[in-house]
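Residue-level structure breakdown
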Amino acid sequence: MSDAAQLHQQSIIIDGLIIARWDRALFEDMAKGGLTTANCTVSVWEGFQATMNNIVEFNGFFHEHHDLIRPVGCTEDIYRAKEEGKTGIILGFQNVHAFEDQIGYVEIFKKLGVGIAQMAYNTQNLVGTGCYERDGGLSGFGHEVVAEMNRVGMMCDLSHVGATTSQEVILASKKPVCYSHCLPLGLKEHPRNKSDDELRFIADHGGFIGVTMFAPFLKNGINSTIEDYVEAIDYIVNIVGEDCVGIGTD
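Residues numbered from 1 in each chain as written. Predicted model: local features only at pLDDT ≥ 70, side-chain atom pairs only at ≥ 80, totals over all residues. Heavy atoms only, no water.

1. With respect to the pairing of strand S2 (residues 37-43)
Stated formally: For every residue, the accessible area (1.4 Å probe, protein chains only) is compared with the maximum for its type, and the residue is labelled buried under 20%, exposed over 50%, or partly exposed between those bounds. Secondary structure elements follow DSSP: runs of H or I no shorter than four residues count as helices, runs of E no shorter than two count as strands, and numbering proceeds from the N terminus. Crossover handedness is defined here as right-handed if the route from the first strand over the helix to the second strand goes clockwise, with the strands pointing away from the viewer. Two strands pair if DSSP finds at least two bridges between them.
The element S2 is largely enclosed, with a buried count of seven among its seven residues. The handedness of the strand S1 (residues 14-18) to S2 crossover, carried by helix H2 (residues 24-32), is right-handed. Inspection of the sheet shows S2 paired to strand S4 (residues 87-93) by six bridges, in the parallel sense. Across the sheet, residue Ser43 finds its bridge partner in S4, namely Phe93.

2. As for the pattern of salt bridges
Note the following rule: The term salt bridge refers to a side-chain nitrogen of Lys or Arg lying within 4 Å of a carboxyl oxygen of Asp or Glu.
Following the criterion strictly, the structure yields eleven salt bridges and no others. Close ionic contact of Asp77 with Arg70 constitutes a salt bridge, the shortest N to O distance being 3.4 Å. Per residue, the accessibility class of Asp77 equals that of Arg70, and both read buried. Several salt bridges share partner residues, and in doing so they unite Arg70, Asp77, Arg80, Glu84 and Lys86 into one network.

3. Notes on the side chain of Asn125
Defined as follows: For the purposes of these results, a polar contact is taken to be a pair of N or O atoms within 3.5 Å, where, inside protein, one atom must be able to donate a hydrogen and its partner to accept one; residues adjacent in sequence count only when each atom of the pair is a side-chain atom. Contact criterion: two residues are considered in contact whenever any of their non-hydrogen atoms come within 4.5 Å of each other.
In this structure, Asn125 sits in the loop between strand S5 (114-118) and helix H6 (140-152). Among the polar contacts made by the side chain of Asn125, one reaches the side chain of Asn95 at a distance of 2.9 Å. At a separation of 2.9 Å, a polar atom in the side chain of Asn125 contacts the main-chain amide nitrogen of Gly128. Filtering out sequence-adjacent residues up to four positions away, Asn125 remains in contact with Asn95, Val96, Met119 and Ala120.

4. Brief notes about the packing of aromatic side chains
In plain terms, the rule: Here a pair means two rings of Phe, Tyr or Trp (six-membered ring of Trp) with centres within 6.5 Å. Their orientation is stacked below 30 degrees between planes, edge-to-face above 60, and tilted elsewhere.
Applying the stated criterion to the full structure yields 13 aromatic pairs. Judged by centre distance (4.9 Å) and plane angle (65°), the rings of Phe214 and Phe217 are edge-to-face. Through pairs of rings, three or more aromatic residues link up here, namely Trp22, Phe27, Phe58, Phe61 and Phe62.

5. What to know about the pairing of strand S7 (residues 178-182)
Every other side chain in a regular strand lies on the same face of the sheet, so the side chains alternate between the two faces. Among the five residues that make up S7, five are buried, leaving the element largely enclosed by the rest of the structure. Sheet topology places S7 next to strand S8 (residues 208-211); three bridges connect them, and they run parallel. Within S8, the position partnered with Cys178 by the bridge is Phe208. Traced from S7 through helix H8 (residues 196-204) to S8, the parallel crossover comes out right-handed.

6. A look at the nonpolar core
Let me state the cut-off plainly: Throughout this description, the term nonpolar core refers to a set of buried Ala, Val, Leu, Ile, Met, Phe, Trp, Tyr and Cys residues connected via side-chain atoms within 4.5 Å.
By size, the foremost hydrophobic cluster in this structure holds 58 residues, and its most contacted members are Phe58, Phe99, Phe109, Met119, Met149, Met154 and Ile209. Setting aside its immediate chain neighbours within four residues, Met119 contacts Asn95, Val96, Asn125, Val127, Val145, Val146, Met149, Cys156, Asp157, Leu158, Val161 and Val169. In terms of nonpolar packing, the next biggest core, distinct from the first, is built from five residues, Ile78, Ile90, Ile116 and Cys178 among them.

7. Focus: the environment of Ile18
With respect to the element layout, Ile18 can be found in strand S1. Through-space distance from the C-alpha of Ile18 to that of Glu100 is 23 Å; in sequence the pair is 82 residues apart.

8. Some points on the side chain of Asp15
This is how it is decided: Neither His nor the chain ends contribute to the count of charged residues, in which Lys and Arg are positive and Asp and Glu negative.
Mapped onto the secondary structure, Asp15 falls in strand S1. Buried Asp15, no salt bridge; nearest opposite-charge side chain is Arg192, N-O distance 11 Å. Of the polar contacts made by the side chain of Asp15, one reaches the backbone nitrogen of Leu17; its length is 3.1 Å. The residues touching Asp15, leaving out its near neighbours within four places in the chain, are Leu35, Thr37, Ala38, Asn39, Ile247, Gly248 and Thr249.

9. Brief notes about a nonpolar patch on the surface
Our working rule: Two distance rules govern patches: like charges are joined within 9 Å, and nonpolar side chains (Val, Leu, Ile, Met, Phe, Trp, Tyr) within 5 Å, applied only to residues with over 30% relative accessible area and no salt bridge. Per-residue and other accessible areas follow the Shrake-Rupley method at a 1.4 Å probe size, with only the shown protein chains counted as cover for residues.
Among the surface-exposed residues, Ile12, Ile14 and Tyr79 lie close enough to one another that they form a single nonpolar patch of about 280 Å² accessible area. Note on Ile12: relative accessible area 37%, which makes it partly exposed.

Okay, here's the thing in structure tokens:
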């Protein structure tokens, strides 16, 4: 076995965010790619009940495809997934809409396997502001949500969140936060992309930056190639260093 193959066999490979129509073929592709763990979206615009339905569906996947995937509720489960040759699934939200106005729902969802939640998806909600609107920052309720997510062990995601709200979450959080899937504004002007200062700020506070390959946000838009994606990774690494940069395919 080559050194590269041995390294791949030993490596823990995590995808910071996947949103998809889930089926066995996709789980098989995860296995073929050697993916150890992924943050898999189960809620964007859904409220509490619809999100619960999505989680119920994923629980069915865990039973039906138990030879390929397993739930991840803690760090040890990631190592177990690696040992078992399966892909560990962290359930994730791309909006905290499912919390509605009930702080107690945060712990309920954590107990059901939700390990990461994005504070807003492009627009305003009860917690803060998305990246497509005039940014009013983190609300009072938002501060409560961040504190509760810290307490139960759920990561705050800021990928689609406005700059002011993101900064206030980073400062309010007692635990590291992330841009699970983003690209640099320095290579393409787009509301979803992050400025050099935003990238430095989250890195300076111990956060994680997952670089997405979503073509419309890359330098050459829908005509972008793998070279454009590698350039984006290199750009961010040159700003913040390699230790906090990974992949969030989206």
